[in-house]
Amino acid sequence: MKYALPLFCVAALALATPASAQLKPVTREEIAIGSQQYLPSLQSQGGPFLRDAALQAYVDKVGQRLAKASEFPDLPYAFTVINNGELNAWALPGGKIAINRGLLLVMEDEAQLAAVLAHEISHVTRRHAMRMRKKSQTVGLIGALAGIAIGSKAPQYSDLAMKGAGLAVYGTQANYSRDHELQADSVSMKLMSAAGYDPMAAVEIQQIFLQQSQGRSSGGLQALFASHPPSQARVDANRKRLAQLPAGGERGKPAYAAATATLRADKPAFDALQEAIAAYGKADFATALSRSERAIALQPKEGLAWEMKGQSQYKLGRKSDSLAAFGKAATLSPGFFRPLLLRGLVHQDLGKLTEAESDLLASRKILPTQIAAYQLGEISRQRGRREAAIGYYREAAQGGGEIGEAAKRRLLEL
Ligand SMILES: [Zn+2]
């Protein structure tokens, strides 16, 4: 309850008055929440895009340059590229920020990247997530600020449990208010200017988002547009603000082209992967398999393509084959929980309990999930380890839903 603030008024006032007048410092609690939720949020959406370390370093460099010029330069900022093809970027309280590789592919230069990162930084410095949290505060989860729950948005993971159950929710999308969006646009354009970037890029990026949201309306709303709805009004508002700022600034087109060269070269592989994911979502597993194999032929080092291949094989009844694909994915994406979890579930399905337990424990070290807790409970129960089973079931029961109910039934039996 420490975050109680006159939400609407503060935001509205800040719009009408000079930036510094209404600033409330970011609290230690906010920084702690952001730090705690960062890794789970990154993991739940595809994990850091580790294959391109130079790209990670580049995005962080642009982010840190903006952060230094921001209203609160001393926050523990971090900027991570996520291995996810959807258009999305988000910020946790206290300065932990992420951008999907998919979004990087629709941008043209560093100034546009700076526009997106500056916008997210402004949500942080103006403490919008904390204000929204106060407003909604539905679930008791502290992470109800950013990040998407596996199963709710991405079709290919909706049945990750492979037994009809979902995964624990580690956070939901922050849906900022219209006022917060306008404020973030306004603050971020000044920030871009202060950091030496051409704020015109903020107008362009809103135009790009507007086009993308219109073009994709049939394919389902992208997460970005749910949390930061684009509109012609925002494009126009940014254009007005632009007139009040010094003209010009850095564009960084060659630097951006160099930093994203590998990503762009891999676009055909990513496109094939997206097709596989879409086919999987429509339960067309044969197409999902052939498209994921196409993605692998184009870029054999992309762990997500191997993971998709394994999931498709499993659905087609090729369970033993899927183990090899998940193993490859786990090797290519070290530090990502999902291939380990998936392989653990298949091992368990095949009755290989020792291997299953080892995989589930490894996945759990990276990201504790409800399904892993439940299945570890099952293994412990089958092996007569009653106390351990109770511990796992208790944890799984806390997550609620179908798995939570199943765990409660097990607890009653024990
Ligand atoms: Zn926003």
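Residues numbered from 1 in each chain as written. Predicted model: local features only at pLDDT ≥ 70, side-chain atom pairs only at ≥ 80, totals over all residues. Heavy atoms only, no water.

An unreviewed UniProt entry lists the protein under the name Peptidase M48 domain-containing protein, with Arenimonas maotaiensis as the source organism.

A. Representation of the overall build of the protein in the model. When helices and strands are tallied, the protein shows 21 helices and three strands. Here the protein, with 414 residues, has 56% of them falling under the buried criterion. Contacts spanning at least 24 positions in sequence make up 70% of the contacts within the protein whose residues lie at least 6 apart. On the protein, roughly 16,900 Å² of surface is accessible, and the fraction owed to carbon and sulfur atoms is 56%. (Helix = DSSP H or I, 4+ residues; strand = E, 2+ residues; numbered from the N terminus. Buried < 20%, exposed > 50% of the residue type's maximum accessible area, 1.4 Å probe, protein only. Contact = heavy atoms within 4.5 Å. Areas by Shrake-Rupley, 256 points an atom, 1.4 Å probe, with all protein chains shown as cover.)

B. Looking closely at the pattern of salt bridges. All told, the structure shown has 26 salt bridges when counted by the stated rule. Note that R65 and E250 form a salt bridge whose closest N and O atoms lie 2.8 Å from each other. Taken together, the residues R65 in helix α3 (residues 53–68) and E250 in the loop between α10 (232–243) and α11 (253–259) connect sequence positions 185 residues apart. Under the relative-accessibility criterion, E250 is labelled partly exposed at 34%. Put simply, E395 and R364 hold a salt bridge, and the shortest N to O gap is 2.9 Å. Of this pair, E395 sits in helix α20 (residues 386–398) while R364 sits in helix α18 (residues 353–366), placing them 31 residues apart in sequence. Since its relative accessible area comes to 29%, E395 is described here as partly exposed. Here the salt bridges do not stand alone but share partners, grouping D109, D198, E204 and R251 into one network. (Salt bridge = Lys/Arg side-chain N within 4 Å of Asp/Glu carboxyl O.)

C. Examining the pairing of strand β2 (residues 89–92) more closely. Here β2 shows no split at all, with A89 and A91 on one side and W90 and L92 on the other all buried. Taken together, the four bridges between β2 and strand β3 (residues 96–100) define a ladder with antiparallel strand orientation. Within β3, the residue paired with A89 across the bridge is I99. Taken together, β2 and the strand that follows it, β3, pair antiparallel across an intervening segment of three residues, in which G94 is found at a positive phi of about 90 degrees. (Pairing = 2+ DSSP bridges.)

D. Geometry of the packing of aromatic side chains. Tallied over the full model, the rule gives seven aromatic pairs. On the numbers, 6.2 Å between centres and 10 degrees between planes, the contact of Y77 with F79 is stacked. For Y77, a relative accessible area of 8% puts it in the buried group. Overall, F79 belongs to the buried group, its relative accessible area being 4%. Between Y374 and Y393, the ring centres sit 5.7 Å apart and the planes meet at 55 degrees, which makes this aromatic pair tilted. Here Y393 lies in helix α20 and Y374 lies in helix α19 (residues 370–382), a separation of 19 residues in the sequence. (Phe/Tyr/Trp six-rings, centres within 6.5 Å; stacked < 30°, edge-to-face > 60°.)

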